[in-house]
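Letter by letter, the chains look like this.
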Amino acid sequence: MGSSSSSYAPKTIYLDVDGKVQKVVFSRHCSPCDIKELLCSSSNIPRNTAIMMVDPEGALVSIDPTMPTNSPNSLYKVISLSTGQLGDKEDMFQNVLSQVAEQFSRAFRINELKTEVTNRLAMLEKRVELEGLKVVEIEKCKNDLKKLRDEMTSRGGGRVGNCPCKYNFSDDGKKLNPRRDVPSYPKYTLSQETIEALKKPTFDVWHWEHNEMLSCLEYMYHDLGLVKEFNMNPITLKRWLLGIQENYRSNPFHNFRHCFCVSQMMYGMINLCNLPEKMTLTDMGILMTAAVCHDLDHPGYNNTYQINARTELAVRYNDISPLENHHCAVAFQILSLPECNIFANVELEAYKQIRQAIITLILATDMARHGEILDSFKHKVDSFDFTNEEHVTCLKMVLIKCCDISNEVRPTEVAEPWVDCLLEEYFMQSDREKTEGLPVAPFMDRDKVTKPTAQIGFIKFVLIPMFETVMKLFPQIEEIMVQPLRDSRDHYEELKQIDDAMTEAQKKKTENMSLGGKKK
């Protein structure tokens, strides 16, 4: 309180005016010009007259708010300089000094202006962002027009293998742009019930619209501490998620809902297996981001088709995991856009490691490598070491594989529609292969496969062995993940027995009708 009141107290000096004591009081915040006018008035000197002030010893006293105070026993004297004691140059110099003194006086208020400047900068940044988004929209329209022209050209000239992919990599300088650049999806507030359900494999992925799935993914990144760990701009996270959604095609199976399904299962396994206690937050970010990106721009036709049809992707990637390589390329093209780069604030060396780790996980989802990856994990699991980088990398590869093919872990009413979606996509491919004279896999042929036959072998020889191996490291998954797989296997085996019995009955009926016709 003392320092505050003293800074606003008026200042008092005493003058010798014609042999009399003249008291002068002024505010400490007066300008030098105001003080000069006050001194002129007190000393009966006309205003705007050049003056100077001296102490009893004749020394000059500065005329400004910081001048030293005196007492009635030590009077200052104001002397007029209008009689020519100063030349024109000296007058000019005095004016300059007065202006400099006034500028110094203003400088003392700089702290008071900081808040105002900060607020103005924030307003300007907002305006710049809005104007920037308008520019982005214009560029988007230009890019859309260019894509349309390119697509028309490619359709006219034809493509190798006749398998159109959304992004043509013939132009190495071309960058991928998300089709919606502005984070415009409505904010969906998650209930506590939804938050808890998100952490479990029983989560029903069919009840959610795209904007709700985007909000759920956004929540997962915040909840795991990834936004803070990687210093992500929350707006950038929204833009990135929109870019991801827009770059999943509307396939029966490999679509954005499948992306969400895999990402939610990854989030569930992270929580169920208490992975943040055993692995780093960087590992959590790698697992989640790889899950989100793992099937980007999937064309709906698998690697076997790409290779047999000699598509552009197969040629580009030398028949080595063409789809998975493409998913990686599209993922990092999206991240190369400044407005979508969620790792923009990560140091270069750390980013290189994150990038390589994400690529490793996405490439691991190629089922052609299933045996190799699972065998490697089996050799490590009995003596698993969470401080061993090779062990942890192998675990992350197995985790994303589990999540990618985890539909049968979910309740039957959630899992079974996915089987229908997958068979629809398989049949689209096999029909095309027949038309183009390419080999057709029996499990994809609508004339040979049934739902039970499609699932029994996959569950028995792929899913259960892999999840049971993971169960050795995380026993807590048995009840909630492994047992549902066993139940699903039993369910489809019962369906197969029913199908077989019906087929046998139909066969006997046909034979009896045939024999009856011969007797007649």
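Here, the structure is the one placed above.
Residues numbered from 1 in each chain as written. Predicted model: local features only at pLDDT ≥ 70, side-chain atom pairs only at ≥ 80, totals over all residues. Heavy atoms only, no water.

Asker: Tell me about the overall build of the protein chain, and name the residues and values.
Answerer: Within the protein chain, the regular secondary structure consists of 19 helices and four strands. Looking at the protein chain as a whole, 42% of its 520 residues are labelled buried. Within the structure as shown, the protein chain displays about 28,300 Å² of accessible surface, and the carbon and sulfur contribution to it stands at 54%. (Helix = DSSP H or I, 4+ residues; strand = E, 2+ residues; numbered from the N terminus. Buried < 20%, exposed > 50% of the residue type's maximum accessible area, 1.4 Å probe, protein only. Areas by Shrake-Rupley, 256 points an atom, 1.4 Å probe, with all protein chains shown as cover.)

Asker: Please provide a residue-by-residue account of the packing of helix α6 (residues 210-223) against helix α10 (residues 281-293), values included.
Answerer: Contact pair α6 / α10: the axes reach a minimum separation of 11 Å and the direction vectors enclose 165°. Here α6 is positioned roughly antiparallel relative to α10, judged by the angle of their axes. Note that α6 runs across α10; the crossing there is left-handed. Where α6 abuts α10, its residues L217, M220 and Y221 lie against M288, T289 and V292. Considered class by class, the residues forming the contact of α6 with α10 number five nonpolar, one polar and no charged. (Axes fitted to C-alpha atoms, helices over the stretch in contact; angles between N-to-C directions. Parallel < 35°, antiparallel > 145°, perpendicular 65-115°, else oblique. Left-handed = near helix turned anticlockwise from the far one by under 90°. Contact = heavy atoms within 4.5 Å. Nonpolar A, V, L, I, M, F, W, Y, C, P; charged D, E, K, R; others polar.)

Asker: Quick one: what's the story with the pattern of salt bridges, residue by residue and with numbers?
Answerer: Inspection of every chain in the model, using the stated rule, returns 17 salt bridges. Between R432 and E436 there is a salt bridge, with its nearest N and O atoms 3.0 Å apart. Remark: E436 and R432 occur in helix α17 (residues 412-436); sequence separation between them is four residues, near one turn of the helix. On the accessibility criterion, R432 (17% relative accessible area) is buried. The closest approach of N and O atoms between E478 and R486, which form a salt bridge, is 3.3 Å. (Salt bridge = Lys/Arg side-chain N within 4 Å of Asp/Glu carboxyl O.)

Asker: Break down the layout of surface pockets for me, citing the residues and quoting the values.
Answerer: Volume-wise, the largest pocket comes out at about 990 Å³. Along the walls of the largest pocket sit 40 residues, with H254, M367, L422, Y426 and F458 positioned nearest its centre. Counting residues per element, the ones that place at least two in the lining of the largest pocket are α11 (303-308), α13 (322-335), α17 and α18 (451-473). When residues of the lining of the largest pocket are assigned to their parent elements, the largest contribution, eight residues, is made by α17. (1 Å grid on protein atoms, 1.4 Å probe; cavity = no way out; pocket = protein on both sides within 12 Å on 5 of 7 lines; lining within 4 Å. Points joined across faces, edges and corners; volume = space filled by probe spheres on them.)

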